[in-house]
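Commentary on secondary and tertiary structure
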Amino acid sequence: MIKKLSIFLFIFIIGIAFIIPKSTNAQTIQQFEDEVAKYTAQLQAKKNAIAKNDQEVAEIEEKIKSIQSEIKTLQQEITNLQAEIDKANIEIEKKTAQSKKLIEYYQVSNGENSYLEYVFGATSITDMIYRMSVVEQLTEYNDNLMKELQNLIEQNKIRQTELDQKQKDLNAKQKELEEEQAKIEKDTAAIKESMPSVEQQIKSAQANVKYYKALGCGQNEDILQCQYRIEQARSSSSGGSSGGGSIPSTNGFYRPMEYGYVTQGYGGYGGHLGVDLSSSNKSIPIYPIANGQVFFKGYDCYGALVVKIKHNYNGRYIYSTYAHMRSFGNISKGQYISYATSIGNMGSTGWSTGPHLHLEITTCDWNAGGGCSYATYKKSTINPFSLISIPSRWTNR
């Protein structure tokens, strides 16, 4: 019987180890200081990239202004050219009418009399030569006039085609520059979008360094173990009261809402870091999954209302995060609360497509006193389904 019990306990302990993995990225004060330097360099690189993009956008805007000025001048040229073409067409009509009158004037009779009849009507050789000369000059004048006017129209048409093509080229260049500008501005927006997170990571890393130095942890000591050891020692010296700095232990976990359903599962590191839960009541009260201490209450860098609870479970700390809430409950940072304390109401604040609760469980947290950087935090997530019984739908906690 004792042997069977020992085997059962061994299997149970191994199972707990798989449910809540030990940190494979132990953090020390030295590591935090190194990360502060790394994040600071990253932030400066982002700021430099934004400055470069702003300069490129300014240059593109100047090019676009220049092109728009060229297009405006070109449009005026096209207008002037069309006026010249219209004027030339009027002149052709006018000259054609004059030419007809000249021909009619030199015709010697009505009906079908022609130039030939006019020439043969000469009374002498001298008169014939004269008449032939008049016909030749009239014909040559008329032909030259028509050719001149026709050439003018053809040249104007060629010029108009050239101007039309130039306008098309300028319009295409303007579109290309505008697309390039939009791409740069999108890149700048993406950089700026991540900047608050980087800046907050720097502040949090600096705050963690300060927190653990004040706690008395060594420069190269595992701060998670240091923190738990010191806080438990304080609790023992104060007789186990919560005022000694110890978070009450929890033995089980509850669903964070009275009723609801799962909208997105857990994806792990590189995927969805928690689970998304919703309910028919889009502002349903939210509760902690277990007894613990309010570790964080505020907004994340994307505007979501967030509460984080620190729990003492199985001889170590774990953290539960509740995001996108509509409002906070009557709680404050550092307060010890039970699983029955309302911490807020479900909502859709921050980056959210609809009312829901995003629940994460981690073995550390990147805010001051949480014992890890954001990079480590993302790797420390626990599948909430491994600790909490959450069916696809439920009607009680």
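Please read these numbers as outputs of a predicted model, since none were measured by experiment.

1. Considerations on the overall build of the chain
Along the chain, the regular secondary structure elements total six helices and twelve strands. Residues counted as buried form 39% of the 397 residues belonging to the chain. When contacts within the chain are restricted to residue pairs at least 6 apart in sequence, long-range pairs at least 24 apart make up 69% of them. On the chain, roughly 22300 Å² of surface is accessible, and the fraction owed to carbon and sulfur atoms is 53%.

2. Looking at a negative patch on the surface
On the surface, E176, E178, E179 and E180 cluster together into a negatively charged patch. As for its placement among the helices and strands, E180 is situated in helix α4 (residues 125-215).

3. Re the pairing of strand β5 (residues 305-313)
Two faces belong to every sheet, and in a regular strand the side chains alternate between them. Across the nine residues of β5, nine count as buried, placing the element largely inside the fold. Burial of the side chains of β5 extends over both faces: L305, V307, I309, H311 and Y313 are buried on one face and V306, K308, K310 and N312 on the other. Sheet topology note: the strand β4 (residues 292-299)/β5 ladder contains six bridges and is antiparallel. Bridge assignment links K297 to a residue of β5, and that residue is V307.

4. Things to note about the pattern of salt bridges
Throughout the structure, instances matching the rule amount to six salt bridges. Its salt-bridge partner being E231, residue K310 comes within 3.7 Å of it at the nearest N-O pair. Note that K310 is positioned in strand β5 and E231 in helix α5 (residues 223-237), a separation of 79 residues in sequence. A relative accessible area of 8% places E231 in the buried class.

5. Looking at the state of the cysteines
The final tally for this structure, using the stated rule, is two disulfides. With a sulfur-sulfur separation of 1.9 Å, C217 is cross-linked through a disulfide to C226. Torsion about the S-S bond of the C217 and C226 cystine: about -95 degrees, corresponding to left-handed handedness. Of the two residues, C217 and C226, both sit in the buried class. Put simply, C364 and C372 are joined by a disulfide, and their sulfur atoms are 2.2 Å apart. For the disulfide bridge between C364 and C372, the dihedral angle about the S-S bond is near 90 degrees, and by the sign convention the bridge is right-handed. Like C372, C364 is buried. Shown here for the chain is a disulfide pattern of 1-2, 3-4, where each number marks a bonded cysteine counted in sequence order.

6. Observations concerning the environment of D276
Assignment of secondary structure puts D276 in strand β2 (residues 275-278). Residue D276 is classed as buried on the basis of its relative accessible area, which comes to 7%. Taking C-alpha positions, D276 is 4.6 Å from H358, a pair spaced 82 residues apart along the chain. Apart from the residues lying within four places of it in its own chain, the contact partners of D276 are Y261, V262, T263, Q264, H356, L357 and H358. Side-chain polar atoms of D276 contact the side chain of H358, separated by 2.9 Å.

7. Quick look at the confidence of the model for the chain
Detail in the predicted coordinates should be disregarded across regions flagged by low pLDDT. Overall, the predicted model of the chain reaches an average pLDDT of 80, with 76% of residues at or above 70. In the model, residues 1-19 has pLDDT below 50 throughout and makes five contacts with residues more than four positions away in sequence or in other chains. Every residue in residues 240-244 is under pLDDT 50, and counting partners more than four places away or in other chains gives seven contacts.

8. Comments concerning the pairing of β4
Taking burial as the measure, the eight residues of β4 include six buried ones, the bulk of the element. Pairing geometry for β4 and strand β8 (residues 336-337), over two bridges, is antiparallel. Of the residues in β8, the one forming a bridge with Q293 is Y336. Between β4 and β5, which pair antiparallel one after the other, the connecting turn spans five residues, and G303 there sits at a positive phi close to 90 degrees.

9. So, the sheet that holds strand β3 (residues 285-286)
By way of backbone hydrogen bonds, the strands of a sheet pair with one another, either parallel or antiparallel. Taken together, the three strands give an open sheet; going across it, the order is β3-β9-β7, and neighbouring strands pair in antiparallel fashion. Of all the strands in the sheet, just β3 and β7 (327-328) have a single pairing partner and so form its edges. As paired elements, β7 and strand β9 (residues 344-345) share two bridges and run antiparallel to each other. Counterpart to S327 in the pairing with β9 is N345.

10. Digging into the nonpolar core
Within the largest apolar cluster, 28 residues are counted, with the highest numbers of intra-cluster contacts made by F253, I286, I289, Y322, I343, L387 and I388. For this core, the elements supplying multiple residues, two or more each, are β2, β5, β6 (316-325) and β10 (357-362). No other element matches the four residues that β5 contributes to this core. Core analysis: the next-biggest nonpolar cluster, separate from the first, contains 15 residues, L43, L215, I223 and C226 among them.

Conventions we followed
- Residues numbered from 1 in each chain as written.
- Predicted model: local features only at pLDDT ≥ 70, side-chain atom pairs only at ≥ 80, totals over all residues.
- Heavy atoms only, no water.
- Helix = DSSP H or I, 4+ residues; strand = E, 2+ residues; numbered from the N terminus.
- Buried < 20%, exposed > 50% of the residue type's maximum accessible area, 1.4 Å probe, protein only.
- Contact = heavy atoms within 4.5 Å.
- Areas by Shrake-Rupley, 256 points an atom, 1.4 Å probe, with all protein chains shown as cover.
- Patch = residues over 30% accessible without salt bridge, like charges linked within 9 Å, V, L, I, M, F, W, Y side chains within 5 Å.
- Salt bridge = Lys/Arg side-chain N within 4 Å of Asp/Glu carboxyl O.
- Lys, Arg positive; Asp, Glu negative; His and termini not counted.
- Charge placed at Lys NZ, Arg CZ, Asp CG, Glu CD.
- Pairing = 2+ DSSP bridges.
- Disulfide = S-S within 2.5 Å.
- Polar contact = N/O pair within 3.5 Å; in protein donor to acceptor, adjacent residues only side chain to side chain.
- pLDDT = per-residue confidence, 0-100.
- Core = buried A, V, L, I, M, F, W, Y, C linked by side-chain atoms within 4.5 Å.

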